[in-house]
Amino acid sequence: MATITTTFRTWLSALAVVLVLVSCSKDNEPPLEKEDAQTPIAEVDQRMEKFLSDNGFPGVSLAVSKNGKLVYRKGYGLADKESGAEVTVDSRFRIASVSKLITSAAVMKLIQDGKLSINQKVFGTSGILGTEYGTQPYKTYVTAITLSDLLHHTIGGWGQDNDPAFFDKNLNTTDVINWTLDHQALSKAPGSAFAYSNFGYMLLARIIEKTSGISYEQYVKSELLDQVGAEKTTIAGALLADRQADEVKYYGQGGDTNYVYDYTQFTRGNGAMGWLSTPTDLLRFANAVDGLPTRPDLLDANAIATMTSTTPASIGWGWHFGCGWVVEGDEWFWWGSLPGTFAILYRNGNGICIAATANGRRQPTPENGLNSFIGIVNYITFDGGIPWQDIDQF
(Lines give C-alpha, C1' and ligand atoms only; values in the text may rest on other atoms or scores of the structure.)
Protein backbone atom coordinates (compact mmCIF):
# COMPACT_ATOMS: atom_id res chain seq x y z
CA MET A 1 0.00 0.00 0.00
CA ALA A 2 1.34 3.42 -0.90
CA THR A 3 1.91 5.77 2.02
CA ILE A 4 1.57 9.50 2.01
CA THR A 5 5.29 9.72 2.80
CA THR A 6 6.16 8.04 -0.49
CA THR A 7 3.55 10.05 -2.38
CA PHE A 8 4.72 13.40 -1.09
CA ARG A 9 8.42 12.59 -1.43
CA THR A 10 7.86 11.82 -5.10
CA TRP A 11 6.15 15.15 -5.53
CA LEU A 12 8.73 17.06 -3.50
CA SER A 13 11.57 15.87 -5.74
CA ALA A 14 9.60 17.13 -8.73
CA LEU A 15 8.81 20.49 -7.12
CA ALA A 16 12.27 21.18 -5.69
CA VAL A 17 -4.19 2.06 17.91
CA VAL A 18 -5.97 3.81 19.17
CA LEU A 19 -4.60 2.77 22.58
CA VAL A 20 -7.54 0.86 23.94
CA LEU A 21 -7.30 0.41 27.70
CA VAL A 22 -8.61 -3.03 28.56
CA SER A 23 -9.11 -4.09 32.09
CA CYS A 24 -9.85 -7.58 33.31
CA SER A 25 -12.41 -6.81 35.97
CA LYS A 26 -13.47 -9.20 38.64
CA ASP A 27 -17.03 -10.40 38.36
CA ASN A 28 -18.11 -8.22 41.28
CA GLU A 29 -16.47 -5.01 40.01
CA PRO A 30 -18.39 -2.58 37.79
CA PRO A 31 -17.01 -2.01 34.28
CA LEU A 32 -14.95 1.13 33.64
CA GLU A 33 -17.02 4.01 32.33
CA LYS A 34 -16.34 5.19 28.79
CA GLU A 35 -14.43 8.49 28.54
CA ASP A 36 -16.61 11.38 27.48
CA ALA A 37 -14.32 14.42 27.52
CA GLN A 38 -11.27 15.10 25.39
CA THR A 39 -7.94 15.35 27.16
CA PRO A 40 -4.90 16.97 25.52
CA ILE A 41 -2.38 14.86 23.64
CA ALA A 42 0.90 16.64 24.20
CA GLU A 43 2.77 15.50 21.10
CA VAL A 44 -0.11 16.29 18.76
CA ASP A 45 -0.35 19.75 20.27
CA GLN A 46 3.41 20.32 20.11
CA ARG A 47 3.53 19.37 16.44
CA MET A 48 0.62 21.66 15.63
CA GLU A 49 2.17 24.57 17.52
CA LYS A 50 5.40 24.03 15.59
CA PHE A 51 3.47 23.95 12.29
CA LEU A 52 1.88 27.25 13.28
CA SER A 53 5.18 28.95 14.14
CA ASP A 54 7.18 27.44 11.26
CA ASN A 55 4.72 28.83 8.73
CA GLY A 56 3.98 32.14 10.41
CA PHE A 57 0.25 31.45 10.49
CA PRO A 58 -1.85 33.33 13.06
CA GLY A 59 -4.09 30.35 13.79
CA VAL A 60 -4.89 26.78 12.79
CA SER A 61 -7.60 24.26 13.61
CA LEU A 62 -7.32 20.46 13.57
CA ALA A 63 -9.79 17.58 13.67
CA VAL A 64 -9.04 13.84 13.60
CA SER A 65 -11.45 10.95 13.25
CA LYS A 66 -10.63 7.28 13.71
CA ASN A 67 -12.95 4.51 12.59
CA GLY A 68 -15.81 6.96 12.19
CA LYS A 69 -15.39 8.65 15.59
CA LEU A 70 -14.23 12.22 16.08
CA VAL A 71 -11.45 11.51 18.57
CA TYR A 72 -9.57 14.82 18.62
CA ARG A 73 -10.19 18.43 17.69
CA LYS A 74 -8.50 21.59 18.82
CA GLY A 75 -7.76 25.17 17.83
CA TYR A 76 -4.35 26.78 18.07
CA GLY A 77 -3.29 30.41 17.86
CA LEU A 78 -5.35 33.44 16.93
CA ALA A 79 -8.55 33.80 14.95
CA ASP A 80 -8.25 37.60 15.08
CA LYS A 81 -4.90 39.23 15.82
CA GLU A 82 -6.44 42.63 16.45
CA SER A 83 -8.90 41.47 19.13
CA GLY A 84 -6.77 38.60 20.44
CA ALA A 85 -9.63 36.12 19.91
CA GLU A 86 -8.30 32.57 19.80
CA VAL A 87 -9.09 29.81 17.34
CA THR A 88 -11.63 27.35 18.73
CA VAL A 89 -13.06 24.12 17.36
CA ASP A 90 -16.02 26.17 16.10
CA SER A 91 -13.91 28.72 14.21
CA ARG A 92 -14.83 28.83 10.53
CA PHE A 93 -12.26 29.14 7.75
CA ARG A 94 -12.30 29.44 3.99
CA ILE A 95 -11.29 26.05 2.62
CA ALA A 96 -10.22 27.09 -0.91
CA SER A 97 -9.75 24.07 -3.21
CA VAL A 98 -10.94 21.56 -0.63
CA SER A 99 -14.29 22.85 -1.95
CA LYS A 100 -13.70 20.71 -5.04
CA LEU A 101 -14.18 17.55 -2.96
CA ILE A 102 -17.64 18.73 -1.97
CA THR A 103 -18.49 19.56 -5.58
CA SER A 104 -17.25 16.16 -6.74
CA ALA A 105 -19.44 14.37 -4.20
CA ALA A 106 -22.47 16.40 -5.32
CA VAL A 107 -21.87 15.33 -8.92
CA MET A 108 -21.51 11.72 -7.77
CA LYS A 109 -24.87 11.98 -6.01
CA LEU A 110 -26.49 13.11 -9.26
CA ILE A 111 -24.80 10.23 -11.10
CA GLN A 112 -25.99 7.82 -8.40
CA ASP A 113 -29.54 9.13 -8.82
CA GLY A 114 -29.41 8.54 -12.58
CA LYS A 115 -29.48 12.23 -13.50
CA LEU A 116 -25.96 12.41 -14.95
CA SER A 117 -23.42 10.01 -16.40
CA ILE A 118 -19.66 10.33 -16.14
CA ASN A 119 -19.01 10.41 -19.89
CA GLN A 120 -21.76 12.86 -20.81
CA LYS A 121 -20.76 15.75 -23.03
CA VAL A 122 -20.90 19.21 -21.47
CA PHE A 123 -21.39 21.61 -24.41
CA GLY A 124 -23.22 21.43 -27.72
CA THR A 125 -26.73 20.47 -28.67
CA SER A 126 -26.47 17.10 -26.91
CA GLY A 127 -24.47 18.43 -23.94
CA ILE A 128 -25.60 18.97 -20.36
CA LEU A 129 -25.26 22.76 -20.68
CA GLY A 130 -26.29 22.70 -24.33
CA THR A 131 -25.60 25.97 -26.14
CA GLU A 132 -26.58 28.12 -23.17
CA TYR A 133 -23.13 29.72 -22.97
CA GLY A 134 -20.84 31.23 -25.58
CA THR A 135 -21.24 31.77 -29.32
CA GLN A 136 -21.72 28.95 -31.81
CA PRO A 137 -20.01 27.36 -33.55
CA TYR A 138 -17.76 26.56 -30.62
CA LYS A 139 -14.00 26.52 -30.92
CA THR A 140 -12.06 23.30 -31.54
CA TYR A 141 -12.50 20.56 -28.91
CA VAL A 142 -15.18 22.36 -26.85
CA THR A 143 -18.01 19.97 -27.74
CA ALA A 144 -15.77 16.99 -26.92
CA ILE A 145 -15.43 17.94 -23.22
CA THR A 146 -17.06 15.40 -20.91
CA LEU A 147 -18.12 15.47 -17.28
CA SER A 148 -15.14 13.20 -16.55
CA ASP A 149 -12.76 15.75 -18.07
CA LEU A 150 -14.01 18.49 -15.77
CA LEU A 151 -13.75 16.26 -12.71
CA HIS A 152 -10.26 14.93 -13.55
CA HIS A 153 -8.70 18.22 -14.74
CA THR A 154 -8.24 16.83 -18.25
CA ILE A 155 -10.21 19.46 -20.17
CA GLY A 156 -7.36 20.18 -22.56
CA GLY A 157 -6.71 23.71 -21.24
CA TRP A 158 -8.33 26.43 -19.10
CA GLY A 159 -6.05 25.60 -16.20
CA GLN A 160 -3.10 26.46 -14.01
CA ASP A 161 -1.32 29.63 -15.19
CA ASN A 162 -4.19 30.71 -17.47
CA ASP A 163 -7.21 29.73 -15.40
CA PRO A 164 -10.35 31.71 -16.33
CA ALA A 165 -11.62 31.34 -12.75
CA PHE A 166 -9.30 34.20 -11.82
CA PHE A 167 -10.18 36.53 -14.68
CA ASP A 168 -11.65 39.97 -13.93
CA LYS A 169 -13.26 39.64 -10.50
CA ASN A 170 -16.02 42.06 -11.53
CA LEU A 171 -17.44 39.68 -14.13
CA ASN A 172 -20.28 37.42 -13.09
CA THR A 173 -20.33 33.67 -13.68
CA THR A 174 -22.14 33.81 -17.01
CA ASP A 175 -19.84 36.51 -18.35
CA VAL A 176 -16.71 34.53 -17.44
CA ILE A 177 -18.00 31.36 -19.11
CA ASN A 178 -19.12 33.24 -22.21
CA TRP A 179 -15.81 35.07 -22.56
CA THR A 180 -13.80 31.89 -22.09
CA LEU A 181 -15.74 29.91 -24.68
CA ASP A 182 -15.52 32.73 -27.20
CA HIS A 183 -11.91 33.84 -26.70
CA GLN A 184 -9.77 31.15 -25.07
CA ALA A 185 -9.21 28.09 -27.24
CA LEU A 186 -8.27 24.70 -25.84
CA SER A 187 -4.73 23.65 -26.72
CA LYS A 188 -5.22 19.89 -26.48
CA ALA A 189 -7.92 17.31 -26.97
CA PRO A 190 -10.05 16.72 -23.87
CA GLY A 191 -8.99 13.64 -21.95
CA SER A 192 -5.43 13.75 -23.28
CA ALA A 193 -3.52 15.88 -20.74
CA PHE A 194 -3.69 17.22 -17.18
CA ALA A 195 -4.16 20.92 -16.41
CA TYR A 196 -5.45 21.77 -12.94
CA SER A 197 -8.55 23.86 -13.55
CA ASN A 198 -10.61 25.89 -11.10
CA PHE A 199 -12.70 26.95 -14.09
CA GLY A 200 -13.65 23.32 -14.66
CA TYR A 201 -15.15 23.17 -11.17
CA MET A 202 -16.97 26.45 -11.79
CA LEU A 203 -18.60 24.65 -14.72
CA LEU A 204 -19.44 21.66 -12.52
CA ALA A 205 -21.36 23.93 -10.16
CA ARG A 206 -23.39 25.19 -13.12
CA ILE A 207 -24.03 21.57 -14.18
CA ILE A 208 -25.29 20.78 -10.68
CA GLU A 209 -27.67 23.73 -10.90
CA LYS A 210 -28.90 22.85 -14.39
CA THR A 211 -29.47 19.21 -13.48
CA SER A 212 -31.01 19.67 -10.03
CA GLY A 213 -33.10 22.73 -10.81
CA ILE A 214 -31.92 24.55 -7.65
CA SER A 215 -28.85 26.57 -6.75
CA TYR A 216 -25.51 24.87 -6.26
CA GLU A 217 -25.42 25.82 -2.59
CA GLN A 218 -28.97 24.61 -2.00
CA TYR A 219 -28.27 21.26 -3.62
CA VAL A 220 -25.03 20.64 -1.74
CA LYS A 221 -26.61 21.54 1.57
CA SER A 222 -29.79 19.51 1.11
CA GLU A 223 -28.21 16.39 -0.38
CA LEU A 224 -24.88 16.29 1.47
CA LEU A 225 -24.15 18.73 4.27
CA ASP A 226 -27.52 18.77 6.01
CA GLN A 227 -27.59 14.97 5.89
CA VAL A 228 -24.49 14.77 8.11
CA GLY A 229 -25.07 17.78 10.34
CA ALA A 230 -22.43 20.01 8.74
CA GLU A 231 -24.30 23.13 9.82
CA LYS A 232 -21.33 25.50 9.96
CA THR A 233 -20.48 25.07 6.27
CA THR A 234 -21.65 27.71 3.81
CA ILE A 235 -20.38 29.83 0.91
CA ALA A 236 -17.78 32.39 1.99
CA GLY A 237 -17.90 36.13 1.44
CA ALA A 238 -15.16 38.02 -0.35
CA LEU A 239 -14.97 41.11 1.86
CA LEU A 240 -14.06 41.69 5.50
CA ALA A 241 -17.55 43.17 5.82
CA ASP A 242 -18.94 39.77 4.76
CA ARG A 243 -17.30 38.02 7.71
CA GLN A 244 -19.72 35.47 9.16
CA ALA A 245 -20.38 34.27 12.71
CA ASP A 246 -17.35 32.45 14.14
CA GLU A 247 -15.31 33.17 11.01
CA VAL A 248 -11.63 33.95 11.50
CA LYS A 249 -9.86 36.93 9.97
CA TYR A 250 -7.33 36.25 7.20
CA TYR A 251 -3.75 37.48 7.06
CA GLY A 252 -1.33 37.62 4.14
CA GLN A 253 2.39 37.12 3.89
CA GLY A 254 4.57 38.92 1.37
CA GLY A 255 2.72 39.44 -1.89
CA ASP A 256 -0.52 38.11 -0.38
CA THR A 257 -0.90 40.99 2.05
CA ASN A 258 -3.27 43.05 -0.10
CA TYR A 259 -5.26 40.14 -1.48
CA VAL A 260 -6.76 38.34 1.50
CA TYR A 261 -10.01 40.21 0.92
CA ASP A 262 -11.74 41.22 -2.32
CA TYR A 263 -9.48 38.84 -4.27
CA THR A 264 -12.20 36.95 -6.09
CA GLN A 265 -15.94 36.32 -5.97
CA PHE A 266 -16.50 33.16 -3.93
CA THR A 267 -20.08 33.02 -5.14
CA ARG A 268 -18.74 32.92 -8.71
CA GLY A 269 -16.11 30.30 -7.96
CA ASN A 270 -18.24 28.42 -5.44
CA GLY A 271 -17.72 24.96 -6.93
CA ALA A 272 -13.96 25.39 -7.05
CA MET A 273 -13.00 27.38 -3.96
CA GLY A 274 -16.08 28.89 -2.39
CA TRP A 275 -16.85 27.09 0.86
CA LEU A 276 -16.41 28.20 4.46
CA SER A 277 -16.23 25.42 7.04
CA THR A 278 -14.67 23.92 10.15
CA PRO A 279 -12.41 20.86 10.36
CA THR A 280 -15.16 19.08 12.29
CA ASP A 281 -17.69 19.69 9.50
CA LEU A 282 -15.14 18.59 6.91
CA LEU A 283 -14.77 15.29 8.73
CA ARG A 284 -18.55 14.91 8.95
CA PHE A 285 -18.51 15.18 5.17
CA ALA A 286 -15.45 12.98 4.62
CA ASN A 287 -16.80 10.16 6.77
CA ALA A 288 -19.97 10.15 4.66
CA VAL A 289 -18.13 9.54 1.38
CA ASP A 290 -15.13 7.48 2.52
CA GLY A 291 -16.30 4.02 1.47
CA LEU A 292 -15.57 2.62 4.94
CA PRO A 293 -18.12 0.72 7.05
CA THR A 294 -17.83 2.74 10.25
CA ARG A 295 -20.42 5.44 9.41
CA PRO A 296 -23.17 5.34 6.78
CA ASP A 297 -22.12 6.74 3.41
CA LEU A 298 -24.26 9.09 1.34
CA LEU A 299 -22.77 7.60 -1.83
CA ASP A 300 -23.06 3.96 -2.83
CA ALA A 301 -20.11 1.77 -3.76
CA ASN A 302 -20.43 2.49 -7.48
CA ALA A 303 -20.47 6.26 -6.95
CA ILE A 304 -17.46 6.09 -4.65
CA ALA A 305 -15.60 3.94 -7.17
CA THR A 306 -16.35 6.53 -9.85
CA MET A 307 -15.27 9.38 -7.57
CA THR A 308 -11.91 7.74 -6.88
CA SER A 309 -11.25 6.51 -10.41
CA THR A 310 -8.20 7.91 -12.18
CA THR A 311 -7.48 8.13 -15.89
CA PRO A 312 -4.24 7.72 -17.86
CA ALA A 313 -4.10 11.51 -18.29
CA SER A 314 -5.13 12.59 -14.77
CA ILE A 315 -1.62 12.79 -13.36
CA GLY A 316 -0.39 16.12 -12.05
CA TRP A 317 2.69 16.98 -9.98
CA GLY A 318 3.37 13.25 -9.65
CA TRP A 319 -0.04 12.52 -8.16
CA HIS A 320 -2.93 10.50 -9.56
CA PHE A 321 -6.13 12.53 -9.58
CA GLY A 322 -9.54 10.99 -9.19
CA CYS A 323 -12.56 13.27 -9.23
CA GLY A 324 -11.23 16.12 -7.12
CA TRP A 325 -9.33 13.86 -4.73
CA VAL A 326 -5.74 12.76 -5.23
CA VAL A 327 -5.98 8.98 -4.96
CA GLU A 328 -2.89 6.97 -4.06
CA GLY A 329 -3.90 3.49 -2.98
CA ASP A 330 -5.81 3.70 0.30
CA GLU A 331 -5.01 7.39 0.67
CA TRP A 332 -7.23 10.15 -0.68
CA PHE A 333 -6.61 13.84 -0.06
CA TRP A 334 -6.58 17.35 -1.40
CA TRP A 335 -5.56 20.72 -0.10
CA GLY A 336 -6.50 24.35 -0.62
CA SER A 337 -4.44 27.52 -0.96
CA LEU A 338 -5.56 31.12 -1.41
CA PRO A 339 -4.24 34.39 0.03
CA GLY A 340 -4.72 34.08 3.79
CA THR A 341 -5.94 30.49 3.52
CA PHE A 342 -4.55 26.96 3.96
CA ALA A 343 -6.72 23.84 4.20
CA ILE A 344 -6.32 20.08 3.83
CA LEU A 345 -8.63 17.06 3.97
CA TYR A 346 -7.11 13.56 4.16
CA ARG A 347 -8.63 10.07 4.32
CA ASN A 348 -6.80 6.77 4.86
CA GLY A 349 -8.19 3.27 4.43
CA ASN A 350 -6.97 2.41 7.94
CA GLY A 351 -9.83 4.54 9.34
CA ILE A 352 -7.99 7.81 9.98
CA CYS A 353 -9.33 11.08 8.53
CA ILE A 354 -7.68 14.45 9.13
CA ALA A 355 -8.85 18.00 8.44
CA ALA A 356 -6.91 21.18 9.12
CA THR A 357 -7.49 24.84 8.28
CA ALA A 358 -5.41 27.98 8.81
CA ASN A 359 -5.91 31.72 8.32
CA GLY A 360 -2.61 32.27 6.56
CA ARG A 361 -0.72 31.04 3.51
CA ARG A 362 3.00 30.37 3.32
CA GLN A 363 4.84 32.71 0.99
CA PRO A 364 6.65 32.94 -1.35
CA THR A 365 6.02 29.24 -1.94
CA PRO A 366 2.58 28.11 -0.68
CA GLU A 367 3.50 24.44 -1.23
CA ASN A 368 5.95 24.72 1.67
CA GLY A 369 2.99 25.02 4.02
CA LEU A 370 1.66 21.73 2.67
CA ASN A 371 5.08 20.12 2.88
CA SER A 372 5.42 21.09 6.52
CA PHE A 373 2.08 19.43 7.32
CA ILE A 374 3.16 16.10 5.83
CA GLY A 375 4.93 14.98 8.97
CA ILE A 376 1.81 15.63 11.02
CA VAL A 377 -0.30 13.60 8.60
CA ASN A 378 2.13 10.69 8.74
CA TYR A 379 2.42 10.85 12.52
CA ILE A 380 -1.33 10.92 13.11
CA THR A 381 -2.06 8.26 10.49
CA PHE A 382 0.64 5.70 11.19
CA ASP A 383 1.92 6.12 14.75
CA GLY A 384 0.18 3.40 16.73
CA GLY A 385 1.30 4.89 20.04
CA ILE A 386 -0.93 7.96 20.01
CA PRO A 387 -3.34 7.68 22.98
CA TRP A 388 -6.60 8.40 21.17
CA GLN A 389 -9.53 8.25 23.55
CA ASP A 390 -12.59 6.13 22.99
CA ILE A 391 -14.83 9.16 22.44
CA ASP A 392 -16.94 10.49 19.59
CA GLN A 393 -17.37 14.26 19.36
CA PHE A 394 -19.42 14.25 16.16
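The present account deals with the structure reproduced in this document. (Residues numbered from 1 in each chain as written. Predicted model: local features only at pLDDT ≥ 70, side-chain atom pairs only at ≥ 80, totals over all residues. Heavy atoms only, no water.)

### Some details on the overall build of the protein chain
From N to C terminus, the protein chain includes 11 helices and 12 strands. For the protein chain, the C-alpha radius of gyration of 21 Å lies close to 21 Å, the compact-globule estimate for 394 residues. Seen along its three principal axes, the alpha-carbon backbone of the protein chain occupies a region of about 80 × 45 × 40 Å. For the protein chain, the accessible surface area stands at approximately 15900 Å², while carbon and sulfur atoms represent 49% of it. Placing the 31 positive and 42 negative side-chain charges of the protein chain at their respective mean positions leaves the two points 3 Å apart. (Helix = DSSP H or I, 4+ residues; strand = E, 2+ residues; numbered from the N terminus. Rg over C-alpha atoms; globule rule 2.2 N^0.38 Å. Areas by Shrake-Rupley, 256 points an atom, 1.4 Å probe, with all protein chains shown as cover. Lys, Arg positive; Asp, Glu negative; His and termini not counted. Charge placed at Lys NZ, Arg CZ, Asp CG, Glu CD.)

### Focus: the sheet that holds strand E4 (residues 93–94)
Taken together, the 3 strands give an open sheet; going across it, the order is E4-E6-E5, and neighbouring strands pair in antiparallel fashion. Here the strands that pair on one side only, and so sit at the sheet edges, are E4 and strand E5 (234–235). Two elements, E4 and strand E6 (residues 275–277), share 2 bridges in a ladder whose sense is antiparallel. Within the sheet, the bridge partner assigned to Arg 94 lies in E6 and is Leu 276. Where helix H7 (residues 216–228) meets the sheet, its contacts fall on E5 and E6, and the angle it forms with E6 comes to roughly 40 degrees. (Pairing = 2+ DSSP bridges. Contact = heavy atoms within 4.5 Å. Axes fitted to C-alpha atoms, helices over the stretch in contact; angles between N-to-C directions.)

### A look at the sheet that holds strand E1 (residues 59–66)
Paired through backbone hydrogen bonds, the strands of a sheet run either parallel or antiparallel to each other. As summarised here, the arrangement of the 7 strands in space is E3-E2-E1-E12-E11-E10-E9, forming an open sheet in which the pairing is antiparallel. Two strands in the sheet have a free side with no partner beyond their single neighbour: strand E3 (85–86) and strand E9 (326–328). Across the sheet, helix H11 (residues 367–382) touches E1, strand E10 (331–338), strand E11 (341–348) and strand E12 (352–358), and the angle it forms with E11 is around 30 degrees.

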